[in-house]
Every structure is written in C-alpha cells, then in structure tokens.
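Listed below are the residues making up each chain.
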Protein chains: 2
Amino acid sequence: MQPQLVALDWGTSSLRAYLLGPEGHVLDQRSLDRGIMQLSTIPRTICGESTNDGFELTFDEACGDWLDAYPDAAVIACGMVGSAQGWQEVPYCPSPAQAADVAAGMARVRTLRGIHVHLVPGVLQRSALPNVMRGEETQIFGLLQSLPPAERDQTLLVGLPGSHSKWARVVEQRIEHFDTFMTGELFAAASAHTILGRTQKRSASFDSVAFERGVAVAMSPEGSIGVLSTMFSARSLGLTGQLASSEQADYLSGLMIGHELRALAEMLRQRSGLATLPAVVLIGNGALCQRYSQALALCGFSSVSQAEQATERGLWSLALAAGLVAQQLQEV
Amino acid sequence: MQPQLVALDWGTSSLRAYLLGPEGHVLDQRSLDRGIMQLSTIPRTICGESTNDGFELTFDEACGDWLDAYPDAAVIACGMVGSAQGWQEVPYCPSPAQAADVAAGMARVRTLRGIHVHLVPGVLQRSALPNVMRGEETQIFGLLQSLPPAERDQTLLVGLPGSHSKWARVVEQRIEHFDTFMTGELFAAASAHTILGRTQKRSASFDSVAFERGVAVAMSPEGSIGVLSTMFSARSLGLTGQLASSEQADYLSGLMIGHELRALAEMLRQRSGLATLPAVVLIGNGALCQRYSQALALCGFSSVSQAEQATERGLWSLALAAGLVAQQLQEV
C-alpha cells in the first residue's frame, strides 16, 4: 500500500509518529522521547542546510526517512506542537467544535525540506473558568471514527486520563463541553516534592487493594472534606501503622483519582437530574485507563469501555476533512 | 528577673528559642534556620566532649550561652524535635487532650551538658482518617492562657495556618477534634513543580485583588467541581488573557485557601445544623494569618481574631503543668 500521510502526535513529553496508508491503515509507527520540551539539540545539516532548530531536527529524526522514501505524503501534527511553546502557535478553535471546524482551523509550517506540516488547533471553551485542550480533540474525533456510523451521533462521555485528565461531552460528533483535572500532575508533584513522598516506597507492581482503598476514602463521608485534607491520611495512616510505605503511592493515586471521579459524578447527576451515570469511553495509556476503569466502577459508573488507536484515526480523519488525503475509491 | 525556663519551638524548618522569666515573661528570644532537617553539622567540642550530633550542636548554638549563664533553668521543647525524625521520639498523646495530659506525656533527653530537655508530645486523633499534630497543641494551650479565665472554657475554633494548616475544636480547654489541610505545601509544590509555575511571575507585594478572585472562584458554583479541576484555571485564564502572570500566584493561593475554607464551612454547618459559622481564632505567621483572615471573611466567617505569643505562652504553661517551673508567689 502506498503511504499517504505522515501523522504526528507531538506533545509536551513525547512524540509518536505514524505512517498511514489508504483508509488510514497503519503501515509503520514509532515513539520518541522528544516532546516539545525535550527537542533534539545537536546541529545537523538537513537538505543541504545546517540548522540548530530543535523542531526541524526532531521532525527529521522522527520521519525524515519516511519523507525521503515517500516525498508526496502529506504531513499532519496535533498536540502541544501547535501551542505558544510549539513550532508555531495555532489559535484555538472555539467549542462546540466538530472535526470540520478543527480541520478548517489548521495552520501550516514550511520545513527545510520544503514541505508543509499541517498543525491541528486545540479547542477552547469560553466558560466562566475557561478550558483548553490540544491533542485530545484529535483523539475524540478518532474515537468517533471507530464507532459504527449509527452510534456516532449519540451523546458520549469521553474520559482522557493523563497528566491533565479531560472529560468531554460529545453531542452529535461535536465536542460540546469539557473539564480538566490536574490529578496526574499533582499526584506526581505531591509524591516527589511534599512530605508524602518521604515515606512512599514505590513498588514495581500495582497495588490494587491500596488503590481501591484510596478510591473508597474519596467516596466516603470522610472524603467530603476534600482532597487537600484527605491527602494527609497517606501520612497519618502510615504514622499509625495502618498503611505500609509500599502501599502509600497507590493509595494516594486512588484517593486523588477518586476525588476527581466523585466530583465528576456529582456534576453529572446535578446536570442530568438523574441518579444513573452515563456510559464512559476512555482514551489513553493502557495502564492508566485500567486504573480509571477500576475507580469508575467503584464510583458507580457501570459501563466503561476503552477506545483503540484513537490518535492515528483522529489524525487521519482530520487530514481527510482538510482534503490532505482522499477517501479511497474502489480500485479499478 | 531571674530566667527560669529555656523554651524551644523546634520544627521541621526552623527553631525559635525563648528565655523566660517568672510568669513566663520573655527576657530574650532568637530565631534560627535550624529545623530538624537543617541541623548544624560541623563537629565541635561541647562541655569537653567532641561531637558531631546535629541535635547537640544545634541545641548548643541556640541556647548554650543562656545555659552557661543560668545553669539552673529548666528546658522544654515542642514540635518535630519529638518526632521519629527528631532528637528522640515522644509517643503522641491521644485526643481529646488538655494541657495536663500533654504535660504528663513529656519525655526527656539528656544532653552532653548533663541537663535534660523535656520534649512535648504531639496529639493523635484516632478517627477513621487519623490526624496528628506536633507543636500546634502547645500553641493552642498558649492561646488558652492568653484568654481571660472566664472565657477559657468556651468552645473555640482555632485555625493554625502553615504548610499543613490545622483546624481544631477546643472544648473546655481540651483539644477535642482537629483536621489537617495540606494547602500550603501543595501550593508550593504546584507553583514550583507543575505547569502552573511556568507562567507565574512572583511579585514582591501581595496582590489582594487576585487573591480574593481566587477565593471567590472556590466559593462559586464553578468551585463545586473541586480544587483538582479549578486549579487549571490559573493557566486557562492566563492563556485567554484574563489573568496576568504577576497575578497567578496570589490567585492560586486564594483559590486553594478558598477550597480549604469552603470545605471547613460546609463541615461546620453540617455538624452544627446551623447556618451561622463560629468565631475563629488564628495562630501563626502574620502575613499568612492576614491571608486567611481575608479569605475567612469572604467565606462567611464574621468573627476572626489572632492570638499573640501563643508558642511561648504554651511552652510556659506546659512547663508549669509538668512542675518544671513554679507559679510565682508574692515576693517577700
């Protein structure tokens, strides 16, 4: 199959590159620890020109060989590469936003190779407390592609766990509303830079019991005092011999994710006026989605599934919507 | 006046030393950046014995000259110096606890000088999520000493802002219940080690408007989603040009303190069944108490006062309760 699209998911800490053929078929893929904060820095000559531009160097490292072999392939990139700290800033697309809106907002940057990289805009929600995403919109559109056409117009609740987890309500294929929780990044900061970290002994394996105990505390009457207070129990339970050092990290993880999901559930119930909670589709890293699935079940979310290949499918569908690639017709 | 007591408030990051005369009169005082995590390390000879023990060295640095001059003075110390990481671990006194209980639980460590340092135990509350304090109990007893005798048996709500703020209910001079919030330490960790810090520009002066805006967000309907989510607004308001870099630190501070106080107010109203909130007495660093006073007013706490000299008064009253010093009689 002839490669048609080089698709990049270029975030803060990593870069994933896909070589896609007709209908978005994945022909090759690779992952680099080259997020926009960890760009290549060693000057090199690219297409006869010496450069020390980190974006050029990293781009060439990620997919220069693919472009040498398939110079006619289009190139698309989503994520923080389009932020103010990225290769070129792409203004946010306002919500509600569907794939066509986001595709129409793409910007392009011309590389030393003379080709254009099409940068996907993020989505901005102008609520009282504004919200932004960059990259997650692409994954949501990819999820929609993976659904049977009859299901795409349903209302969906999509969870995207990560350093900053996002929870998006998708209505008729539009990103209608979303919230951000800094749970992952705060867990890391609390574990590395507060007194809680001093007694944590990280174990290689996931302590499911300690994790679920943390979730249960967040959901309990004691949890209503909020995470700023309950977090201290990771220490006080340790001091009183009720929580081993090796259990403290997963307990704290469960506690913090539990507070996120408790708040989410309360908000959803308040908005809908219903006691039942909607079905959830998760997108993201497998191990983290597994934690969230486990916690969601404890919080009363009875239907949880996980989307596969959302990023590459989303990049393909945005490239299609922007006319960078063409829908495959029946081959003659 | 003849000095009677050397009183130390020896915490994690600092050491304050008081030389107290009859009736706890402060004759001299000093402050050192020598918390139990920053002990002196340069070996020295003390009373003819060479030592590299950080507690001995720091103790001598803090009050060796006082003890040379007044070798009969008693010595008392409260705070983390009595923790597992301290000079000697002193088991916690269980709550509810009054001064006599805490005084009875003191341990003593013999120094190279041949004298004893009396270490004040902390207080442990064996609730479902246990709580501990070390040092704050002494300040609370000091506050009680500063009240007119007729008011000491009233029920008090005492707030002790700090890296970990404590909120204690004091009934008939007993510490009856308390909660801990890690607000201060998490604010510091979030500012130094998450994406929120990257756009913060610290200004020398306190931005009262930004601080109050943060408190108001925490108290608003949007605040009910919880601090893990609202914190992201320090970034998203910045990205959308609604919050300057120089405002972000005090906004975040107000937001986090606001979430603490919102949870506290909800808990108090739930417990009492009353809409009105009790009077609050604050103990601690002046600037931080000023922030809390401002936020408390916005959260509906109409009566807020601040205690003075709570630490030295508390150390004196515990020394009295333990018989280390005597109540002054009419001089003949």
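Everything quoted here is computed from the prediction, not taken from an experiment. (Residues numbered from 1 in each chain as written. Chains lettered and ligands numbered in written order. Predicted model: local features only at pLDDT ≥ 70, side-chain atom pairs only at ≥ 80, totals over all residues. Heavy atoms only, no water.)

### A word on empty space enclosed by the protein
Vacant regions in the atomic arrangement are exposed by a probe of water-molecule size rolled over the atoms.
Step number 1: Tallied over the full model, the rule gives one cavity of 30 Å³ or more.
Step number 2: Approximately 50 Å³ is the volume found for the largest cavity.
Step number 3: Forming the walls of the largest cavity are Leu186, Val227, Leu228, Met231 and Met256 of chain A together with Leu186, Val227, Leu228, Met231 and Met256 of chain B.
Step number 4: Counting only elements with at least two residues in the lining of the largest cavity, the list comes to helix H7 (227-230) of chain A together with helix H7 (227-230) of chain B.
Step number 5: Here the residues of the lining of the largest cavity sort into 10 nonpolar, no polar and no charged. (1 Å grid on protein atoms, 1.4 Å probe; cavity = no way out; pocket = protein on both sides within 12 Å on 5 of 7 lines; lining within 4 Å. Points joined across faces, edges and corners; volume = space filled by probe spheres on them. Helix = DSSP H or I, 4+ residues; strand = E, 2+ residues; numbered from the N terminus. Nonpolar A, V, L, I, M, F, W, Y, C, P; charged D, E, K, R; others polar.)

### Some thoughts on the side chain of Glu312 of chain A
Residues and elements named next belong to chain A.
Step number 1: With respect to the helices and strands, Glu312 occurs in helix H11 (residues 310-321).
Step number 2: No salt bridge is formed by the buried Glu312; the nearest opposite charge belongs to Arg16, separated by 5.5 Å.
Step number 3: Non-local contacts of Glu312, meaning those with residues more than four positions away in its chain, are made with Tyr18, Leu20 and Val26. (Buried < 20%, exposed > 50% of the residue type's maximum accessible area, 1.4 Å probe, protein only. Lys, Arg positive; Asp, Glu negative; His and termini not counted. Salt bridge = Lys/Arg side-chain N within 4 Å of Asp/Glu carboxyl O. Contact = heavy atoms within 4.5 Å.)

### With respect to the domain arrangement of chain A
Step number 1: We note that the domain assignment places domain 1 (5-148 + 310-321) and domain 2 (182-301) within chain A.
Step number 2: Placing the centre of domain 1 of chain A and that of domain 2 of chain A at their C-alpha centroids yields a distance of 32 Å. (Domains from an automatic or database assignment.)

### With respect to the layout of surface pockets
Residues and elements named next belong to chain A.
Step number 1: One number sums up the size of the second largest pocket: a volume of about 1,300 Å³.
Step number 2: In terms of lining, the second largest pocket is formed by 44 residues, of which the most central are Gly11, Arg134, Glu136, Gly162 and Ser163.
Step number 3: Take the lining of the second largest pocket: its biggest share by element is three residues, from H11.
Step number 4: Grouping the constituent residues of the lining of the second largest pocket by class yields 15 nonpolar, 18 polar and 11 charged.

### Let's talk about the pattern of salt bridges
Step number 1: Under the counting rule described, the total for this entry stands at 20 salt bridges over all chains.
Step number 2: The partner of Asp9 of chain A in a salt bridge is Arg16 of chain A, with the nearest N and O atoms 2.8 Å apart.
Step number 3: For Asp9 of chain A, a relative accessible area of 14% corresponds to the buried category.
Step number 4: Between Arg174 of chain B and Glu176 of chain B there is a salt bridge, and its shortest N-O distance comes to 3.3 Å.
Step number 5: Given the relative accessible area of 24%, Arg174 of chain B is considered partly exposed.
Step number 6: Several salt bridges converge on common partners, so that one network encompasses Arg44, Asp60, Asp68 and Arg113 of chain A.

### With respect to the environment of Ala263 of chain B
Step number 1: If you trace the backbone, Ala263 of chain B turns up in helix H9 (residues 245-272).
Step number 2: Note on Ala263 of chain B: relative accessible area 9%, which makes it buried.
Step number 3: Along the backbone, Ala263 of chain B and Gln294 of chain B are 31 residues apart, and their C-alpha atoms lie at a distance of 16 Å.
Step number 4: Leaving out residues up to four positions away in the same chain, Ala263 of chain B has contacts with Ile225 of chain A together with Phe181 of chain B.

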